[in-house]
Amino acid sequence: MNTTRKMPAVVALFAVLLMSGGPLRADEFSEKDLQRWQQQFQDTVQTGRALWTSGTDLGTNGVACAQCHPNAANTHPETYPKFQKQIGRVVRLWETINWCIRNPLEGKALAADDPKMVALEAYVTWERRGVALDPGKH
Amino acid sequence: MSKQGSGIKRRDFVKTAAVTAMAGALPVSLVELAFGKQQDNISFAYISDSHIQHIRGTEFVRNWDRGLIRAVAETNLLAPKPDFVMFGGDLAQLGTKPELDHGAEIMSALKGKVRYVMGEHDYYLDLGKYWSKLFGPQYYSFDLKGVHFVVLNSIRTFDDWTYNRWPTAEQRMSEMAGLDNPNGSPFMVGDEQRVWLKSDLARVGKQTPVVVFSHSPLQKIYKGWNFWTEDAEQVQALLQPFDQVTVVYGHVHQIQYNQIGNIRFHSVMATAWPWPYPQSYAQAASHLPKLTVPMNRADPFFERDATGWQFINVATGNVDLNYTLYNNRSRRVAFNAVTGQPEDTVYQSPDSRIAPQTHY
């Protein structure tokens, strides 16, 4: 192989490493990365909290999730998936959230991967942090 | 009507066949109360926390409307008639004229004397101005059959928060309306009412049973959700000299009861929706009274579950609460003369509790 042809690629690689602040590999991450990822998550939690307390973003009648679930209490995200006797099968948390959006909030159900649903799940789970997983528990 | 106590038959308490049919669907506790000499007993119904919520135009949130309408209809079936009906505060959700008017209209179907307690959802838009126009003074007392009753506005807070903090009245209301909103502020009775209470109680004999109605607990349970009154100890100090004192409060949307010294505390249910017990919020410590046997965990698929109203009997100065729970067995929390404290008449012993009473 001709080494002179490899040189530009090597130079480019060094340039990238210098710009990213250190010789990292794909399976390594820095404190800065951790902070950024945590910030992304916290922003989503905050979006979820805003939706949770909003009377206009999810429903049609002004009712907010937080009216019945202050600090998302009594939502038990650690117990999902679980058998929901009222639905008659094992469901995930987002399905129960949709039940609340459709009924007390008189709104339209969200897709499981709707950014709003992701934010709601992030908020609910954050408020329950530290509680051991207990799937299936009623 | 017969006053012979045990000689009274259930049919004496219902007026028509139609009412009999409805009463048959009601918990037995409503008719049990007729025993005893009527002239010695004071009984009253307690309806609270209806949170009538305006959507737009003539539309209101149906769910909350139905809760209040049902409580009013059932209260009207009580026989013998209660001496009066209390409304425990938070008639409205955001204190607006349409909400207070709509709530007052539903309440107007009640037969007999109705008295009101101020809630924070009624207050923080115009600081109680329109509410007072509809329902009268925000704190007062009255005497009935040898019992001294006091009504307090316990949901006031620091003047700086009320008068200086918020650019608009609407924002002030909205900030206080969020139960878990960190921008809220602790409830308090305040200096003005404590001075009034002291002078009001000065003319009452220490053997006279005293019953105090407030919206917030007049005890400290969980500050994060304002299950709390900042000057609770100072209010309690004014009440402790009396032999028999009972505080009945709303706000918490759940069954709570407690005893501190001579003072017994009882909460009432909401007609709108139930709240979680504070211990189910994993990020904070709460001080739910050990005496309290919690109500069942609510099943949200039954929209009236864990909501209800109360029939309260004051016999010999002790207050017995009968909770009318729509999708559960009714509860009765009564003064136990043997233990000297309020207790659930079925579930108080740890052996008799049931799984749905475990909150986590």
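Treat the numbers as computed from the prediction; the structure is a model and nothing was measured.

(A) Seen up close, the overall build of chain A. Per the secondary structure count, chain A includes five helices and two strands. Moving toward the C terminus, one meets the helices and strands of chain A in the order α-α-α-β-β-α-α. When burial is assessed residue by residue, chain A has 29% of its 138 residues classed as buried. Taking all contacts inside chain A whose residues are at least 6 apart in sequence as the whole, residues at least 24 apart take part in 61%.

(B) Molecular detail of the interface of chain B and chain A. Between chain B and chain A, the residue contacts involve 16 residues of the former and 17 residues of the latter. Of the residues that constitute the side of chain B that touches chain A, the class distribution is 10 nonpolar, five polar and one charged.

(C) Seen up close, the sheet that holds strand S7 (residues 147-151) of chain B. All names here are of chain B. In spatial order, the strands read S6-S7-S8-S9-S11-S10; together these six strands make up an open sheet with mixed pairing. The open sheet has two edge strands with one neighbour each: strand S6 (140-144) and strand S10 (257-260). For this sheet, the mean angle separating the axes of adjacent strands, direction not counted, is 20°. Relative to strand S11 (residues 263-267), strand S9 (residues 245-249) runs parallel, the two being bridged by five bridges. The residue bridging Val 248 from the neighbouring strand is His 266, located in S11.

(D) Spotlight on the environment of Trp 196 of chain B. Topologically, Trp 196 of chain B is positioned in helix H9 (residues 191-202). In the structure, Trp 196 of chain B is positioned 30 residues away from Trp 166 of chain B in sequence and 29 Å away in space, judged by C-alpha atoms.

(E) Quick peek at H9 of chain B. All names here are of chain B. For H9, which comprises 12 residues, the first-to-last C-alpha distance of 17 Å matches the rise-based estimate of 16 Å (1.5 Å per residue) to within 8%. Of all the positions in H9, only Gln 193, Leu 197 and Leu 201 are classed as buried. Mapping the buried residues of H9 onto a view down its axis gives an arc of 65°, with all of them on the same face. The exposed residues of H9 that point more than 90 degrees off its buried face are Asp 191, Glu 192, Val 195, Lys 198, Ser 199 and Ala 202.

(F) Geometry of the pairing of S11 of chain B. All names here are of chain B. The buried fraction of S11 is high, at five of five residues. On S11, burial covers both faces: Ile 263, Phe 265 and Ser 267 on one face and Arg 264 and His 266 on the other are all buried. In this structure, S10 lies alongside S11, joined through four bridges in antiparallel fashion. Counterpart to Ile 260 in the pairing with S11 is Ile 263. What sits between S10 and S11 in their antiparallel hairpin is a turn of two residues, with Gly 261 showing a positive phi close to 60°.

(G) Up close: the sheet that holds strand S14 (residues 331-336) of chain B. All names here are of chain B. Strand order in the open sheet made by the seven strands is S5-S4-S1-S12-S13-S14-S15, with mixed pairing throughout. A strand with exactly one partner marks an edge of an open sheet, and here the two such strands are strand S5 (114-116) and strand S15 (341-344). Averaged over all neighbouring strand pairs, the angle between strand axes comes to 25°, with direction disregarded. Alignment of strand S1 (residues 42-47) against strand S12 (residues 308-315), held across five bridges, turns out to be antiparallel.

Calculation criteria
- Residues numbered from 1 in each chain as written.
- Chains lettered and ligands numbered in written order.
- Predicted model: local features only at pLDDT ≥ 70, side-chain atom pairs only at ≥ 80, totals over all residues.
- Helix = DSSP H or I, 4+ residues; strand = E, 2+ residues; numbered from the N terminus.
- Buried ≥ 20, exposed ≤ 12 C-beta atoms within 10 Å, placed from the backbone.
- Contact = placed C-beta atoms within 7 Å.
- Nonpolar A, V, L, I, M, F, W, Y, C, P; charged D, E, K, R; others polar.
- Pairing = 2+ DSSP bridges.
- Axes fitted to C-alpha atoms, helices over the stretch in contact; angles between N-to-C directions.
- Expected span 1.5 Å × (residues − 1).
- Arc of directions from axis to C-beta.

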